[in-house]
Amino acid sequence: MDLSSWLSLLNILVLLFSLYKIITVITIKRSSFLILLSSALLTYMVSNIIYLVDDSLIVAIRFLNTASLVCILSALFNLVRESKPVFARFPAILGYLPFIILLFVPLVLEKSVIYKLLLGTFQGGALIVSILIFSINQKNQNNYLLMIIGTLVCIISFIFFWMIPLTEKQIIVVTELLLITGVFLISLGAKQSQINTSNV
């Protein structure tokens, strides 16, 4: 197995652990945010499994990675909705609007330049929105610190991937390790913040 395969295997193990952590909270507190976050972890894990089995299935891997990002965007929309008082919440259906993206993504999956442009835009948007939402919730509820740290680690991974010129091997190692560390911290933070919120 090459280095990328070992990193995918590490991703799968960490994602399984992160899924377990979030699912234990879902059994206590049903939350659209947690369900969508676990869906994002699951789709990203499936894309890593496909990569391990047959790394030539680029279109399937790209689609699953995009689906994972869409789940994250939708999870953030739903977190915003759930953090508002009941009378001020927007309709639940609006929290799932990002899924419309999946209808159009197949048109660009084989066009590398356009796909990378879309992927970078979605990733950057999700990270900026995450930091804003988690920071506001940290100020109000004081239990989102791990999620903020995890998001900052993901932002560093994003910067290394898109903005710092490294060799292909260096990019894979640095960004994958940073990303999976960020995901791990976010999943621990999601468990901590949601349990604390349900106890309030």
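See the structure shown above.
Residues numbered from 1 in each chain as written. Predicted model: local features only at pLDDT ≥ 70, side-chain atom pairs only at ≥ 80, totals over all residues. Heavy atoms only, no water.

Asks: Can you break down the overall build of the protein chain residue by residue, with the values?
Replies: Helices and strands together make up the secondary structure of the protein chain, namely seven helices and zero strands. Written out in order from the N terminus, the α and β elements of the protein chain read α-α-α-α-α-α-α. Here the protein chain has a C-alpha radius of gyration of 17 Å; the compact-globule value for 200 residues is 16 Å, and the two agree. If one aligns the C-alpha atoms of the protein chain with their principal axes, the spans along those axes are about 50 × 30 × 30 Å. (Helix = DSSP H or I, 4+ residues; strand = E, 2+ residues; numbered from the N terminus. Rg over C-alpha atoms; globule rule 2.2 N^0.38 Å.)

Asks: Any chance you could break down a nonpolar patch on the surface for me, citing the residues and the numbers?
Replies: Taken together, Phe77, Ile93, Leu94, Leu97, Ile100, Leu103, Phe104 and Leu107 make up a surface patch of nonpolar side chains, about 830 Å² in accessible area. Counting through the fold element by element, phenylalanine 77 comes out in helix α3 (residues 58–83). Here phenylalanine 77 falls in the partly exposed class, since its relative accessible area comes to 36%. (Patch = residues over 30% accessible without salt bridge, like charges linked within 9 Å, V, L, I, M, F, W, Y side chains within 5 Å. Areas by Shrake-Rupley, 256 points an atom, 1.4 Å probe, with all protein chains shown as cover. Salt bridge = Lys/Arg side-chain N within 4 Å of Asp/Glu carboxyl O. Buried < 20%, exposed > 50% of the residue type's maximum accessible area, 1.4 Å probe, protein only.)

Asks: So what's going on with the packing of helix α5 (residues 112–141) against helix α6 (residues 145–163)? Which residues, and what values?
Replies: At a closest axis distance of 9 Å, the pairing of α5 and α6 adopts a crossing angle of 155 degrees. Between α5 and α6, the crossing angle belongs to the class labelled roughly antiparallel. For the pair α5 and α6, the sense of crossing is left-handed. Here α5 contributes Lys116, Leu119, Gly120, Gln123, Gly124, Leu127, Ser130, Ile131, Phe134, Ser135 and Gln138 to the contact with α6, which in turn contributes Leu145, Met147, Ile148, Thr151, Leu152, Cys154, Ile155, Phe158 and Trp162. Here the residues of the contact of α5 with α6 are counted per class, giving 12 nonpolar, seven polar and one charged. (Axes fitted to C-alpha atoms, helices over the stretch in contact; angles between N-to-C directions. Parallel < 35°, antiparallel > 145°, perpendicular 65-115°, else oblique. Left-handed = near helix turned anticlockwise from the far one by under 90°. Contact = heavy atoms within 4.5 Å. Nonpolar A, V, L, I, M, F, W, Y, C, P; charged D, E, K, R; others polar.)

Asks: I'd love a proper account of the nonpolar core, names of residues and values included.
Replies: Leu15, Phe33, Leu34, Phe134 and Met147 are the most contacted members of the largest nonpolar core, which has 30 residues in total. Where this core is concerned, the elements lending two or more residues are α1 (3–26), α2 (32–53), α3, α5, α6 and α7 (168–199). Ignoring anything within four residues of it in the chain, the contact list for methionine 147 reads Phe33, Phe134, Ile186, Gly189, Ala190 and Ser193. Grouped together as the second largest cluster of nonpolar side chains are six residues, Val105, Leu109, Leu119 and Phe122 included. (Core = buried A, V, L, I, M, F, W, Y, C linked by side-chain atoms within 4.5 Å.)

Asks: How would you summarise the environment of alanine 75 if you had to cite specific residues and measurements?
Replies: Residue placement: alanine 75 occurs in helix α3. Accessibility expressed as a relative area gives 1% for alanine 75, which makes it buried. Taking the C-alpha atoms as reference points, alanine 75 and arginine 30, separated by 45 residues in sequence, lie 13 Å from one another. In this structure, alanine 75 is in contact with Phe33, Leu36 and Leu37, ignoring residues within four places of it in sequence.

Asks: Outline the packing of aromatic side chains, supporting the account with residue identities and numerical values.
Replies: In total, this model carries five aromatic pairs according to the counting rule given. Here phenylalanine 134 and tyrosine 144 contribute two aromatic rings whose centre-to-centre distance is 6.1 Å and whose plane-to-plane angle is 25 degrees, an arrangement assigned as stacked. Linking phenylalanine 134 in helix α5 with tyrosine 144 in the loop between α5 and α6, this pair joins segments that are 10 residues apart in sequence. Three or more aromatic residues joined by ring pairs form one cluster here, namely Phe158, Phe161 and Trp162. (Phe/Tyr/Trp six-rings, centres within 6.5 Å; stacked < 30°, edge-to-face > 60°.)

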